[in-house]
Amino acid sequence: MNNNPYSGQFDCIKHINTLFPNEQSLENIDSEISKLQGELKTLQDELQVDIHEHAVMQNQIWEDVKNVDTLAKDIFTEIQDIKVKAQQSEELVYQMCKDIKSLDIAKRNLTFSIAALKKFIMMLQAIEKLKESCANKKYKDVGMLLEAFHELSTYFQKFQNIPQIVEVTNEREKIVKELKLQLIDDYILFGKGNSLMTPSELQEACSTVEHLGLKFKDELVTKICKFIIGPYQELFQQPENKNLETTERRYAWIARAIKEFESKFPGIFPEYWAVQSHIYYEFCAVTRLQLADILESKQEIQDVAILMKGLSSTLKFETKLVDDLKKKYEHWLNLEKRSDFMIEALPRLKGSISNIFEPYLRPYIVHEESELMKQIDKLIQADKADQEAEIKIFNSSLQLFGYVKNLLKRSSQYSRSQVMFDIQKLIKKGLKKYADDLLVKVMNSRVNEHVFQIISCFCINTAEYCKEVIPQLQEEMVQLLDAPFSDQVDLTNEEEQYNQTMNKTVEAMIQFVDSKLDICFQTMLKENWEQFSDMQDSSKYVKEIIQILEIHIKSIKDILSETYLIFYLNKLVVYLNSKFINSVFRIKKISEVGLQQLGLDVSELRGNLQRISKLKQESKSQASFVNFVQKTFQRSDTILKLVQMTLDKFVENFQDYAKKYSQESVIRY
């Protein structure tokens, strides 16, 4: 605990106990009291001094506060005065800036007015000089004045409503209008040889033309083109020249006209204007109209030779013209930095004249159709079945496709659209006719058995060849046609036509074999099978059948293509099996020995068919044929087994047969 007597935690009892711990120590109590009284007196004296000093200090503080308050009032008054003076200064500065700004605006307006007045005077002077230069045909100066006037007029663009500006602008338009007419007259008169101007002066005038704008440049070029083509239009409008026979003369005329143009206007026009291409375009447009009038005359399009000669010469002209112009203007067409007056692309000249022939080419199509049909008849009549040839087909098919390809090549020179599509249609007619003629050829050869078999084989081989070539022909047609005609080319029906030709020829051969074998099966039916007991290795009728088949197959085996030989033999096997089964069904009763003999006959037929049909070289087709023979004649074996069965045996084995055969087959058995 703190023993300081001035502390708030002072413990007086403890302090007394500290001073007087025992009775002996009480002897000093008086001295301690005296000491405490002395300290108390000292403390009172100090308090009186402090109170006095505080009173004096308080009076001084109040005096200082009064002084500070007075000083603050003085400072506030001075601040108010400064603020008033600042407002007065600000107003003065604002007025000064306003005056300076007004002076600056006045200066700018005055400067602009002076500059505008100078430029306006320059415009007036330019107008006067422009009039003078136009009158004197100083086109070099005219170009520079037009450019200068254009720059000055841009300056006054915002003041177009001012009467003086409107007057000057109208004056300029009037001069330009007269200048355009004057320039056109100068070029036309120069072309006629009636102008005193020199080529160099007219060359300078081209710069003036460009200053007058792209529209006027096109107008001038059009006028020149019409001036050059005008005599041509008049010449070939004459009755004696108004026919297709003069078509080549037209193209000779334009060739001379271009040479004459180059000699009359040597280097006058900038090459990038491509004036010659515009002349050719005008020529093509006039020629197209005149030829259209000629072609509308029925009398003119009766002669196909003249019609096609005119078209051919036109196509040659267009092709050569396009190639020549591409070479001539190649540099300007491929240039990256271009001006508005530079040629961007050549006019569309390819087909510009020749396309007009297309609606009138029906006589040509009729002519080509007639020629194609005649050619097919001629080829069919001249056909021979050359068995020694490497390829066993009619030469007419090779010649026909050669003729068709030449027809396509020839026709593609004239058209890639409707006419070419019509040619494609007549080729399809020709292919159908050829397929029909092949069948007629087969049917007509039936009077001679040997010839019939050979012709039939050649017909099948030829039809197979045609079917293989047709897709290639279709692809070639597509390449020679433009859309949408190329999308409509389809020779699927023609392929199917030759499929039918092959199938019908095979059917004819089967009918031929049937007529030969019918006697053999009649012999089979005449046999008394109910009383039959003399069993042999093979019956007489089987030997006759094998003999006929061996002669027949031998005569066709080396001629018919392997694919269709196997196809035909399969058909022949099915026919023989069906013929045999049908004959068995016609026999009312058969002895057990007779059934065994018929079984041996089936085996004999099966074995000999495999033998006589064997190819020179083993192949998958041969193996497939052997399996087909086995499978097909299995039906005959099954029927003979069914006939031998008793009713109880048949019922016992019915489910097994039902699984192997269809309901229809089971019912028939």
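Here the structure is a predicted model, which means the values were calculated and not measured.

Visitor: Could you give an account of the overall build of the protein, naming the residues involved and the relevant values?
Guide: Across its full length, the protein holds 22 helices and zero strands. Each of the 669 residues in the protein was classed as buried or not, and the buried ones make up 39%. Carbon and sulfur atoms make up 53% of the accessible area of the protein, which totals about 40600 Å².

Visitor: Describe in detail helix H14 (residues 449-479), supporting the description with residues and values.
Guide: The first and last C-alpha atoms of H14 sit 45 Å apart over 31 residues, in line with the 45 Å expected at 1.5 Å per residue. Most pronounced at Val469, the bend in H14 amounts to some 30°, and the proline Pro471 follows within four residues. Where H14 begins, the side chain of Asn448 points an oxygen toward the backbone nitrogen of His450, at a separation of 3.1 Å.

Visitor: Account for the environment of Glu388, with residues named and values stated.
Guide: Within the element layout of this structure, Glu388 appears in the loop between helix H11 (362-382) and helix H12 (395-412). Along the sequence, Glu388 and Ile559 sit 171 residues apart, while their C-alpha atoms lie 9.6 Å from each other.

Visitor: Lay out the nonpolar core in plain terms, naming residues and giving numbers.
Guide: One finds Tyr187, Ile254, Phe269, Tyr364, Ile427 and Tyr568 to be the most contacted residues of the largest nonpolar core, which totals 161 residues. Per-element tally for this core: the top contributor is H14, with 13 residues. Those residues in contact with Ile427, other than ones at most four positions away along the chain, are Leu372, Val404, Leu407, Leu408, Leu473 and Met477.

Visitor: Got a sec to walk through the packing of aromatic side chains? Specific residues and values, please.
Guide: One pass over the structure, following the stated rule, counts 20 aromatic pairs. Pairing Tyr232 with Phe283 gives two aromatic rings, centres 4.8 Å apart and planes at 50°, and the pair type is tilted. One end of the pair, Tyr232, is in helix H6 (residues 214-235); the other, Phe283, is in helix H8 (residues 275-295), and 51 residues separate them in sequence. Neither residue differs from the other here; Tyr232 and Phe283 are each classed as buried. Between Tyr364 and Tyr414, the ring centres sit 5.5 Å apart and the planes meet at 90°, which makes this aromatic pair edge-to-face. Of the two residues, Tyr364 sits in helix H11 while Tyr414 sits in the loop between H12 and helix H13 (418-444), which places them 50 residues apart along the sequence. The buried category is assigned to Tyr364, whose relative accessible area is 2%. Through a chain of ring-to-ring contacts, the aromatic side chains of Tyr187, Phe190, Phe261, Phe265, Phe269 and Trp273 assemble into a single cluster. The residue whose ring lies beneath Lys441 is Phe394, and the NZ or CZ to ring-centre distance is 5.4 Å.

Visitor: Outline the environment of Asn608, supporting the account with residue identities and numerical values.
Guide: Mapped onto the elements of the fold, Asn608 is located in helix H18 (residues 592-612). There is a polar contact of 2.8 Å between the side chain of Asn608 and the backbone oxygen of Glu604.

Visitor: How would you sum up the side chain of Ser397? Please name residues and give values.
Guide: Structurally, Ser397 is set in helix H12. Looking at Ser397, the relative accessible area reads 0%, which means it is buried. There is a polar contact of 2.7 Å between the side chain of Ser397 and the backbone oxygen of Phe394. Setting aside residues no more than four positions away along its own chain, Ser397 makes contact with Tyr434, Thr462, Tyr465 and Cys466.

Visitor: Explain unusual backbone geometry residue by residue, including any values.
Guide: Ala483 connects to Pro484 through a cis peptide bond whose omega is 5°. When you line up the elements, Pro484 lands in the loop between H14 and helix H15 (492-526).

Visitor: Explain the pattern of salt bridges to me, using residue names and the numbers behind them.
Guide: The full count for this structure, using the stated rule, is 16 salt bridges. Between Asp45 and Lys41 there is a salt bridge, and its shortest N-O distance comes to 3.7 Å. Remark: Lys41 and Asp45 occur in helix H2 (residues 29-136); sequence separation between them is four residues, near one turn of the helix. You can call Lys41 exposed: its relative accessible area is 52%. Residues joined by salt bridges that share partners form a network here, namely Asp377, Lys433 and Asp437.

Visitor: How would you summarise H12 if you had to cite specific residues and measurements?
Guide: Here H12 is 18 residues long and its end C-alpha atoms lie 26 Å apart, about the 26 Å a rise of 1.5 Å per residue gives. When H12 is considered as a whole, its buried residues turn out to be Ser396, Ser397, Leu400, Phe401, Tyr403, Val404, Leu407, Leu408 and Ser411. All buried residues of H12 project into a common sector of 160° when viewed along the axis, lining one side. Check the buried side of H12 and you find it contacts H11, H13 and H14.

Visitor: Help me get a handle on the packing of helix H16 (residues 540-557) against helix H17 (residues 562-586), residues and values and all.
Guide: The contact between H16 and H17 brings their axes to 12 Å, and the two run at 165°. By the criterion of interaxial angle, the relationship of H16 to H17 is roughly antiparallel. Once H16 is placed against H17, the crossing between them reads as right-handed. Residues Tyr541, Ile545, Leu549, His552, Ile553, Ile556 and Lys557 of H16 pack against Leu565, Tyr568, Leu569, Leu572, Leu576 and Phe580 of H17. Partitioned by chemical class, the residues of the contact of H16 with H17 number 11 nonpolar, one polar and one charged.

Visitor: A description of the environment of Leu400 should follow, citing residues and the corresponding values.
Guide: Locating Leu400 in the fold gives a position in helix H12. Given a relative accessible area of 2%, Leu400 falls into the buried group. Sequence spacing of Leu400 and Leu431 is 31 residues, and the spatial spacing of their C-alpha atoms is 8.9 Å. Beyond its immediate sequence surroundings of up to four residues, Leu400 is in contact with Leu372, Ile376, Leu379 and Tyr434.

Visitor: Give me the lowdown on the side chain of Ser456, citing residues and values where you can.
Guide: Mapped onto the elements of the fold, Ser456 is located in helix H14. Judged by its relative accessible area of 0%, Ser456 is buried. Of the polar contacts made by the side chain of Ser456, one reaches the backbone oxygen of Phe452; its length is 2.7 Å. Other than its neighbours up to four places away in sequence, Ser456 contacts Val442, Thr505 and Met509.

Visitor: For the packing of H12 against H13, give the residues involved together with the corresponding values.
Guide: At their nearest, the axes of H12 and H13 sit 10 Å apart, and the two run at 170° to each other. One element, H12, and the other, H13, form an angle in the roughly antiparallel class. Mapping the contact onto sequence places Ser396, Ser397, Leu400, Phe401, Val404, Leu407, Leu408, Ser411 and Ser412 in H12 and Met420, Ile423, Leu426, Ile427, Leu431 and Tyr434 in H13. When its residues are assigned to classes, the contact of H12 with H13 shows 11 nonpolar, four polar and no charged.

Visitor: Describe a nonpolar patch on the surface, and please don't skip the residues or the numbers.
Guide: Taken together, the side chains of Leu40, Leu43, Leu47 and Ile51 define a hydrophobic patch exposed on the protein surface, amounting to about 370 Å² of accessible area. Here Leu40 shows up in helix H2. In this structure Leu40 comes out as partly exposed when scored by relative accessible area, which is 46%.

Conventions used here
Residues numbered from 1 in each chain as written. Predicted model: local features only at pLDDT ≥ 70, side-chain atom pairs only at ≥ 80, totals over all residues. Heavy atoms only, no water. Helix = DSSP H or I, 4+ residues; strand = E, 2+ residues; numbered from the N terminus. Buried < 20%, exposed > 50% of the residue type's maximum accessible area, 1.4 Å probe, protein only. Areas by Shrake-Rupley, 256 points an atom, 1.4 Å probe, with all protein chains shown as cover. Expected span 1.5 Å × (residues − 1). Bend = angle between axes of the 7 residues up to and from the residue. Polar contact = N/O pair within 3.5 Å; in protein donor to acceptor, adjacent residues only side chain to side chain. Core = buried A, V, L, I, M, F, W, Y, C linked by side-chain atoms within 4.5 Å. Contact = heavy atoms within 4.5 Å. Phe/Tyr/Trp six-rings, centres within 6.5 Å; stacked < 30°, edge-to-face > 60°. Lys NZ or Arg CZ within 6 Å of the ring centre and 35° of its normal. Salt bridge = Lys/Arg side-chain N within 4 Å of Asp/Glu carboxyl O. Arc of directions from axis to C-beta. Axes fitted to C-alpha atoms, helices over the stretch in contact; angles between N-to-C directions. Parallel < 35°, antiparallel > 145°, perpendicular 65-115°, else oblique. Left-handed = near helix turned anticlockwise from the far one by under 90°. Nonpolar A, V, L, I, M, F, W, Y, C, P; charged D, E, K, R; others polar. Patch = residues over 30% accessible without salt bridge, like charges linked within 9 Å, V, L, I, M, F, W, Y side chains within 5 Å.

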